[in-house]
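Take a look at the letters that make up each chain.
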Amino acid sequence: MKLYVPEMSCGHCKSSIGTAIAGLDGAATVEFDMDARKITVATDKTPTEVIKALDVIGFDAEVAD
């Protein structure tokens, strides 16, 4: 899935997001496009579950094209 995370802007953001997703699904992989502020997540979790995990740590996210 691809998600747009508008407030993602630095390495700390990247680390926090990666940790949150790993906590949700330890087998997930995350690719970051910092310039576009998008992430690509390979997981068996739903977009809603991933978005909720990011919301808990203070990041708004939405499904991206």
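Look a little higher up for the structure.
I will try to describe carefully the structure that is included in this document. (Residues numbered from 1 in each chain as written. Predicted model: local features only at pLDDT ≥ 70, side-chain atom pairs only at ≥ 80, totals over all residues. Heavy atoms only, no water.)

**Remarks on the overall build of the chain**
Move 1: Broken down by element type, the chain carries two helices and four strands.
Move 2: When the elements of the chain are put in sequence order from the N terminus, they spell out β-α-β-β-α-β.
Move 3: For the chain, whose C-alpha radius of gyration is 10 Å, the value lies close to the compact-globule estimate of 11 Å for 65 residues.
Move 4: In the chain, once contacts between residues fewer than 6 apart in sequence are set aside, the share between residues at least 24 apart is 64%. (Helix = DSSP H or I, 4+ residues; strand = E, 2+ residues; numbered from the N terminus. Rg over C-alpha atoms; globule rule 2.2 N^0.38 Å. Contact = heavy atoms within 4.5 Å.)

**Comments concerning unusual backbone geometry**
Move 1: The phi torsion at Arg-37 lies on the positive side, around 60 degrees, for a residue other than glycine.
Move 2: Topologically, Arg-37 is positioned in the loop between β2 (29-33) and β3 (38-42).

**Some points on a negative patch on the surface**
Move 1: On the surface, a cluster of negative charge is contributed by Glu-7, Asp-55, Asp-60 and Glu-62.
Move 2: Inspection of the secondary structure puts Glu-7 in the loop between β1 (2-4) and α1 (11-24). (Patch = residues over 30% accessible without salt bridge, like charges linked within 9 Å, V, L, I, M, F, W, Y side chains within 5 Å. Areas by Shrake-Rupley, 256 points an atom, 1.4 Å probe, with all protein chains shown as cover. Salt bridge = Lys/Arg side-chain N within 4 Å of Asp/Glu carboxyl O. Lys, Arg positive; Asp, Glu negative; His and termini not counted. Charge placed at Lys NZ, Arg CZ, Asp CG, Glu CD.)

**Some words on α1**
Move 1: Spanning 14 residues, α1 covers 20 Å between terminal C-alpha atoms, matching the ideal 20 Å at 1.5 Å per step.
Move 2: Burial in α1 covers these residues: Cys-13, Ile-17, Ala-20 and Ile-21. Seen end-on, α1 carries its buried residues on one side only, within an arc spanning 95 degrees. Exposed residues pointing more than 90 degrees away from the buried face of α1 are listed as Gly-11, His-12, Thr-19 and Gly-23.
Move 3: Elements in contact with the buried residues of α1: β2, β3 and α2 (47-56). (Expected span 1.5 Å × (residues − 1). Buried < 20%, exposed > 50% of the residue type's maximum accessible area, 1.4 Å probe, protein only. Arc of directions from axis to C-beta.)

**As for the pairing of β2**
Move 1: By the bridge criterion, five bridges tie β2 to β3 in an arrangement that is antiparallel. Directly across from Glu-31, in β3, lies its bridge partner Thr-40.
Move 2: Between β2 and β3, which pair antiparallel in sequence order, lie four residues; one of them, Arg-37, sits at a positive phi of approximately 60 degrees. (Pairing = 2+ DSSP bridges.)

**Some remarks on the nonpolar core**
Move 1: Val-5, Met-8, Ile-17, Ile-21, Ile-39, Leu-54 and Phe-59 are the most contacted members of the largest nonpolar core, which has 14 residues in total.
Move 2: At the level of elements, α1, β3 and α2 are the ones that each hand at least two residues to this core.
Move 3: Considering each element in turn, this core owes the most residues, four residues, to α1.
Move 4: Discounting chain neighbours no more than four positions away, the residues touching Ile-17 are Val-5, Met-8, Phe-32, Ile-39, Leu-54, Ile-57 and Phe-59. (Core = buried A, V, L, I, M, F, W, Y, C linked by side-chain atoms within 4.5 Å.)

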